[in-house]
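Overview (structure and organization)
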Amino acid sequence: VIDMTLLLLLTCLDKHNGTGHYDYCVLGAGPAGLQMGYFLSKAKRDYIILERSSGPGSFFNKFPRHRKLISINKIHTGRQNREFNLRHDWNSLLSDEPDLLFQRVSSEFYPPADAAPIYLSMFVKELGLRVRYGVDVGRIRGVQSATGRSYVLTDQHTSDYTCSVLLVATGLWVPQTVDFVGSDLVEGYESISTNPDDYKDQAVLILGKGNSAFETAQSILGKASRVHMLSSSPVRLAWQTHYVGDLRALNNELLDTYQLKSLDGLVEARLEKIVIALRKEQDKRRSGGKKSERKRKLYLTLNKYKQHQEGKNSSDVTGEELPGYHIDNFPTRKPYDRVIRCLGFRFNFSIFDSSACPPNSENAKGRLPAVTAWYEGKNTPGLFVLGTAAHSRDYRSSAGGFIHGFRYTVRAVHRVLEHRYHNNLWPTTKLLLTQLQSWILKRVGEASGPYQMFEVLGDVILLRGSHCEYLEEFPVQALPHFSSLSGHEVSSHGLLVLVMQYGKKKLDYLGRNRAETDWTKAWKSNFLHPVLYYYNRLPTEEEMKLRPHGWPLPRPKALHHMIEDFLTEWDGPISHVQPLRRFLEHCVQTDLRTFYAESCFRSSLTHIKPPLFCQQGYLKQQGVADGSELSRHIRTTGLIPTEHRAGTSRDDPAFPNYLAQAGASMSSGLKLDF
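This write-up is about the structure you can find in this document. (Residues numbered from 1 in each chain as written. Predicted model: local features only at pLDDT ≥ 70, side-chain atom pairs only at ≥ 80, totals over all residues. Heavy atoms only, no water.)

Describing the overall build of the protein
What counts, and what does not: Strands here mean DSSP runs of E at least two residues long; helices mean DSSP runs of H or I at least four residues long; both are numbered from the N terminus. Residues count as neighbours in contact if any of their non-hydrogen atoms are within 4.5 Å of one another. To be clear on the numbers: accessible area is Shrake-Rupley with a 1.4 Å probe, and residue cover counts the displayed protein chains and nothing else.
Each helix and strand in the protein was counted, giving 18 helices and 24 strands. Once local pairs closer than 6 in sequence are excluded, the contacts in the protein between residues at least 24 apart make up 65%. Total accessible area computed for the protein in this model is approximately 32400 Å², and 51% of it derives from carbon and sulfur atoms.

Remarks on unusual backbone geometry
Following F63, the chain continues into P64 via a peptide bond in cis, with omega recorded as -10 degrees. Here P64 lies in the loop between β2 (47-51) and α3 (82-85). At K365, a residue that is not glycine, the phi angle is positive and equals roughly 55 degrees. Not every positive phi belongs to a glycine, and E473 is a case in point at roughly 55 degrees. Mapped onto the elements, E473 comes out in strand β21 (residues 467-475).

Regarding the packing of aromatic side chains
Quick note on the threshold: Ring geometry is summarised as follows: Phe, Tyr and Trp rings, the Trp one being its six-membered ring, pair when their centres sit within 6.5 Å, and such pairs are stacked at plane angles under 30 degrees, edge-to-face over 60 and tilted between the two. Under the scheme applied here, a residue whose accessible area is under 20% of the maximum for its type counts as buried, over 50% as exposed, and between as partly exposed, the area being computed with a 1.4 Å probe on protein chains only. By definition here, charges over rings are those cases where NZ of Lys or CZ of Arg is within 6 Å of the ring centre and within 35 degrees of the ring normal.
Within this structure, the stated rule accounts for 22 aromatic pairs. Between the aromatic rings of Y24 and Y421, the centroid separation amounts to 6.5 Å while the plane-to-plane angle is 85 degrees, which identifies the pairing as edge-to-face. Of this pair, Y24 sits in strand β1 (residues 20-27) while Y421 sits in helix α9 (residues 403-422), placing them 397 residues apart in sequence. On the accessibility criterion, Y421 (35% relative accessible area) is partly exposed. Here a set of aromatic residues connected by ring pairs shows up, and it is made of Y38, F39, F102, Y119 and F123. The ring centre of W173 lies 4.1 Å from the NZ or CZ of R52, which sits over that ring. The positively charged end of R555 is found above the aromatic ring belonging to W551, 4.9 Å away from the centroid.

Digging into the sheet that holds strand β8 (residues 187-188)
Put simply, the test is: Note on pairing: two strands pair once DSSP finds at least 2 bridges between them.
Read from one edge of the open sheet, 5 strands run β8-β16-β9-β10-β11, paired in parallel fashion. Every interior strand has two partners, whereas the edge strands, β8 and β11 (265-268), have only one. Sheet analysis places strand β10 (residues 226-231) next to β11, joined by 4 bridges and oriented parallel. By the bridge assignment, M229 is partnered in β11 with L266.

Observations regarding the packing of helix α2 (residues 31-42) against α9
What counts is decided by this rule: Only the contacting stretch of a helix is used when fitting its axis, a line to C-alpha atoms as for every element, and angles between N-to-C directions run 0 to 180 degrees. Oblique is the label for any angle not covered by the other classes, which are roughly parallel (under 35 degrees), roughly antiparallel (over 145) and roughly perpendicular (65 to 115). Here a crossing is taken to be left-handed if its near helix is turned anticlockwise relative to the far helix by less than a right angle, and right-handed if that turn runs clockwise.
Orientation of α2 relative to α9, taken along the N-to-C sense of each, is 40 degrees, at an axis distance of 9 Å. In terms of their interaxial angle, α2 and α9 are classed as oblique. Read as a crossing pair, α2 and α9 show a hand that is right-handed. On α9, the residues that touch P31, A32, Q35, M36, F39 and L40 of α2 are I403, F406, R407, V410, R411, V413, H414 and L417.

Observations concerning the sheet that holds strand β19 (residues 428-432)
Read from one edge of the open sheet, 6 strands run β19-β21-β20-β22-β23-β24, paired in antiparallel fashion. Only two strands of the sheet have a single neighbouring strand rather than two, namely β19 and β24 (558-561). Each strand of the sheet is rotated relative to its neighbour by a mean of 20 degrees, with strand direction disregarded. As defined by bridge partners, strand β20 (residues 457-463) adjoins β21 across 6 bridges and the pair is classed as antiparallel. If you follow I461 over to β21, its bridge partner there is Y470. Across the sheet, α9 lies against β20 and β21, angled at about 120 degrees from β21, the strand it touches most.

Below is the structure:
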């Protein structure tokens with residue numbers, strides 16, 4: 001008895017100290033880790049969040065270096081709809097608390113970076129998330145046993161944390177480097193001075209043309225003598241690519257000084273082919289009749305001009321080895337006082353044992369781990385990657401690398417976990433077929449998940465004859481595995497998939513003909529707009545791989561684009577609603593028009609099968625609308641008792657009145673009679 005008591009006591013102490021076994025281990029208390037912690041806590045799961053720093057969101061304590069976030073914090077939208085407002089709030093995490101929003105810590109449109117840890121700390125405290133700080137995991141290994149696979153995390157004190165499911169949310173924080181001759185002479189973005197005065201009258205070369213590079217350039221434009229930027233590719237502007245990770249307008253002032261002839265500029269060259277050489281030059285100015293001390297100067301040259309290849313990183317180069325000797329108008333022939341590397345960050349693969357390490361992704365230059373369409377590491381079952389680190393699925397195409405995108409992919413991963421490990425089906429909304437159009441209009445008008453994760457997360461509509469099941473924000477690239485991930489089967493009636501898409505045509509996004517306004521040419525829409533795909537069965541893995549270039553899904557049986565809208569309000573009766581209804585009617589082979597009660601009454605007397613709207617409304621004892629001439633005639637003839645009034649009875653109780661709660665209209669906007 002004493003031995004058993006001691007064992008139980010040690011087990012409790014072990015659990016209290018953070019070691020022991022958990023169903024779920026979340027590695028990292030950044031935005032993605034805390035978002036998953038919220039969903040696990042809400043579901044009452046056994047979990048722990050491990051964080052090496054002393055507080056959440058430690059990345060933001062240092063980065064971005066110049067302390068201005070580029071994520072939009074738009075508080076005033078003119079709307080009170082919480083879901084709609086999240087379309088324009090790029091910093092808040094998802095929760096059931098209506099006021100647990102980023103605007104409580106900052107009202108600035110582009111907030112200061114210091115506000116992020118404050119908000120995340122508030123998120124942890126008010127939701128009571130289980131976070132253990134000061135746990136620096138240095139090794140992760142996978143263990144296979146008779147009971148299944150588990151993961152063991154070892155921290156700096158050699159304490160082990162074992163979990164059945166590992167959720168990696170460490171973000172990207174290892175500086176990306178490129179090996180070239182002279183790379184040791186380059187300063188890193190992570191360690192440079194952020195005091196503009198330290199760059200006074202200096203010539204600066206910045207390697208990279210992303211937001212970190214332009215952020216650095218912008219901070220020193222008023223002090224440096226000239227700023228040049230070099231990378232292998234031209235600048236990508238976010239307003240042209242629709243990718244929020246590309247250069248944003250608040251960082252692009254150097255484009256003005258470049259194009260308006262003010263000493264700064266952009267050049268292209270492969271970093272692997274450049275050489276940074278150190279030379280000391282005598283200053284021509286004299287002090288007391290003597291030349292001043294030699295000043296350190298850095299020259300940019302190319303590998304092909306280097307004569308003594310064995311002298312790698314040599315600080316001694318001859319004039320013949322400089323590009324200006326060969327091309328007298330070489331753009332970067334003049335020396336620089338400093339060269340700064342701003343190439344972004346990569347995932348920390350070093351902490352993973354070979355038994356637990358996901359492979360490098362094929363895109364993003366291998367900086368990210370490769371994951372499945374449902375964000376499980378490839379070749380690492382039970383290990384899921386969350387947040388920025390999982391951006392390989394939509395790299396350079398959607399918002400999965402940023403808070404306003406991955407808060408939704410994290411929710412999708414949690415729903416996958418709930419089905420796989422707890423047999424809970426992916427949540428659905430059961431609708432009458434006559435309610436489907438209004439529900440789609442509601443979603444395209446306010447839903448933030450598909451809006452932010454365009455072409456990645458989509459709504460799946462399972463058609464069941466006279467009704468349907470509406471499933472929100474499913475990873476569309478995982479459609480071939482839909483049933484195993486969601487727990488729902490597709491019937492012989494097929495399915496619809498609703499996604500938001502941009503047009504694929506290259507055009508002048510500020511030109512006169514940038515937008516399409518003719519609803520009959522909706523498929524030519526260039527800006528974000530809803531697209532519906534109809535399939536009579538689930539697409540296969542092979543069909544997904546062979547889908548047309550730029551398409552999020554394989555070719556469907558039927559396809560419908562809703563014309564782009566300047567206000568992003570897809571509720572125009574002629575341009576949006578009527579074409580949508582006719583497309584749905586084509587897919588379900590049913591008349592989905594909305595009828596007045598009088599028309600339903602007439603059709604029920606003259607037709608064997610009245611329209612579906614009448615079957616599911618009027619003929620379920622909703623009656624004839626008060627005030628109509630027909631209803632007054634019926635009451636005067638005594639066909640219906642006076643106390644029986646239209647609309648007093650409810651629809652089938654199996655179908656809750658979702659649309660009334662949502663404030664969505666049941667009308668198609670077209671006053672069509674029978």
